[in-house]
Amino acid sequence: LKAGGVAGVCVDLILFPLDTVKTRLQSPQGFRKAGGFHGIYAGVPSTAVGSFPNAAAFFITYENVKSMLHHGSTSYLTPATHMVAACLGEVVACLVRVPSEVVKQRAQVSPSSSTLRILSHTLYHEGIQGLYRGYKSTVLREIPFSLVQFPLWESLKDLWSWKQGHVVDSWQSAVCGAFAGGFAAAVTTPLDVAKTRIMLAKAGSSNASGNVLAALSGIWRTQGLSGLFAGVVPRMAAISLGGFIFLGTYEKTRQLLL
């Protein structure tokens, strides 16, 4: 719990400017109208509040499911075990992540509005369901991401451990996390763009319904491949660095606590 929470807070706060750039590149009004490089920390209070419980919820679920499924399972089922554990971890973590993400992204494209003002505006006009707009699209982004990132991270650690004859150090785990995260980020960018459009859509618009396929087809029709991969560079950079800090910090904190 503590290891996952500490790791999550470190990553989210350090890499917040890259996340803001990515969100503004993906927003329907375009980078400049969404704020450009102005107010790059807009929405950070939402991230600060949601980061620890979000990361902790993921890792509690991930580690518990992994240990349950590992019990009596054969080694060739290990990647599948990591995939199932990561998917269930994401479903639980998104219950915390999505309200925080909705408020954060709306603040990122409206840097003149405070986080508290955006939260109260969302609750007043859309209710609690407004804070959970994009839950399905977030889960649909996070599950493929985790299916790629976590088995790849675990496999790279196992390979490195086997090569050197002992378990990887925390910095080596962090390097594996950076590679795994960057690759997973690149291949899931279209789903991330769709999620951003759904969360930022005006109430009553077609994207506000939360239909991921409709959002993707709309982006493809209007902007083509470049639209589907909007923000891919800052997303890869943030998640690669995030994987390095997050998984390295997680591993180190867990070693200190055990």
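Residue numbering note: each chain is counted from 1, following its sequence as written. Local features in a predicted model are, by the rule used here, given only for residues with pLDDT of at least 70; side-chain atom pairs are given and counted only at 80 or more, and totals for whole chains, interfaces and linings are based on all residues. Computation of side-chain values: all heavy atoms of the structure, hydrogens and water removed.

Engineer: Account for the overall build of the protein chain, with residues named and values stated.
Structural biologist: Labels follow the DSSP assignment, with helices taken as runs of H or I lasting at least four residues and strands as runs of E lasting at least two, numbered in each case from the N terminus. Helix and strand counts for the protein chain stand at eleven helices and zero strands. Listing each helix as α and each strand as β along the protein chain from the N terminus yields α-α-α-α-α-α-α-α-α-α-α. Buried means the residue's accessible area, taken with a 1.4 Å probe over protein chains only, is under 20% of the maximum for its type, while exposed means over 50%, and partly exposed covers the values in between. Within the span of the protein chain, comprising 258 residues, buried residues form 52% of the whole. Calculation of accessible area relied on Shrake-Rupley with a 1.4 Å probe; when residues are assessed, cover is drawn exclusively from the protein chains displayed. Of the roughly 12,300 Å² of accessible surface on the protein chain, 69% is carried by carbon and sulfur atoms.

Engineer: Account for a nonpolar patch on the surface, naming residues and giving values.
Structural biologist: Taken together, the side chains of Leu95, Leu116, Leu119, Leu123, Ile128 and Tyr132 present a nonpolar region at the surface, about 550 Å² in accessible area. Ranked by residue count, the leading element in the nonpolar patch is helix α5 (residues 115-126), at three residues. Owing to a relative accessible area of 54%, isoleucine 128 belongs among the exposed residues under this scheme. Patch definition: residues above 30% relative accessible area lacking any salt bridge, with like charges linked at up to 9 Å and the nonpolar side chains Val, Leu, Ile, Met, Phe, Trp and Tyr linked at up to 5 Å. When a carboxyl oxygen of Asp or Glu lies within 4 Å of a side-chain nitrogen of Lys or Arg, that pair is called a salt bridge.

Engineer: Quick rundown of helix α8 (residues 170-187)? Include the residues and the values.
Structural biologist: The span expected for a helix works out to 1.5 Å for each residue beyond the first. With 18 residues, α8 should cover 26 Å at 1.5 Å per step; its first-to-last C-alpha distance of 26 Å lies within 8% of that length. Summarising burial for α8: 13 of the 18 residues are buried, a large majority.

Engineer: Describe the nonpolar core, listing the residues and the values that go with them.
Structural biologist: In this description, a nonpolar core means a group of buried Ala, Val, Leu, Ile, Met, Phe, Trp, Tyr and Cys residues linked to one another through side-chain atoms lying within 4.5 Å. Counting residues in each nonpolar core, the largest one holds eleven residues, listed as Phe58, Phe59, Tyr62, Val65, Ala85, Ala86, Ala93, Phe150, Trp153, Cys176 and Ala180. Those elements that provide at least two residues to this core are α3 (44-70), α4 (78-108), α7 (135-164) and α8. Apart from the residues within four sequence positions on either side, alanine 85 is in contact with Tyr62, Val65 and Lys66. What makes two residues a contact is simply this: any of their non-hydrogen atoms within 4.5 Å.

Engineer: Summarise the layout of surface pockets; cite the residues concerned and give the values.
Structural biologist: Approximately 620 Å³ is the volume attributed to the largest pocket. Put plainly, a pocket is an open set of points on a 1 Å grid over the protein atoms alone with protein on both sides within 12 Å along at least five of seven lines, a cavity is a set where a 1.4 Å probe fits but cannot get out, and a lining residue has an atom within 4 Å of a point. For the largest pocket, the lining is made up of 27 residues, of which Arg106, Met199, Leu200, Ala201 and Lys202 are closest to its centre. Elements with a contribution of two residues or more to the lining of the largest pocket: α5, α9 (189-200) and α10 (212-228). Ranked by the residues each element gives to the lining of the largest pocket, the list is headed by α5, at six residues. Grouping the amino acids of the lining of the largest pocket by side-chain chemistry returns ten nonpolar, ten polar and seven charged. Grid points are joined across faces, edges and corners, and a volume is the space filled by probe spheres set on the points. The volume enclosed by the second largest pocket comes to roughly 190 Å³. Lining the second largest pocket, in full, are Pro45, Ser46, Val49, Gly50, Pro99, Ser100, Val103, Thr115, Leu116, Leu119 and Leu131. Residue polarity is assigned by list, with Asp, Glu, Lys and Arg as charged and Ala, Val, Leu, Ile, Met, Phe, Trp, Tyr, Cys and Pro as nonpolar; anything else, Gly included, falls into the polar class. Its residues assigned to classes, the lining of the second largest pocket comprises seven nonpolar, four polar and no charged.

Engineer: Would you mind going over the side chain of threonine 47 in detail, with residue names and values included?
Structural biologist: For threonine 47, the location among the structural elements is in helix α3. With residues near it in sequence (within four places) discarded, threonine 47 still touches Asp12, Leu13, Phe16, Ser100 and Lys104.

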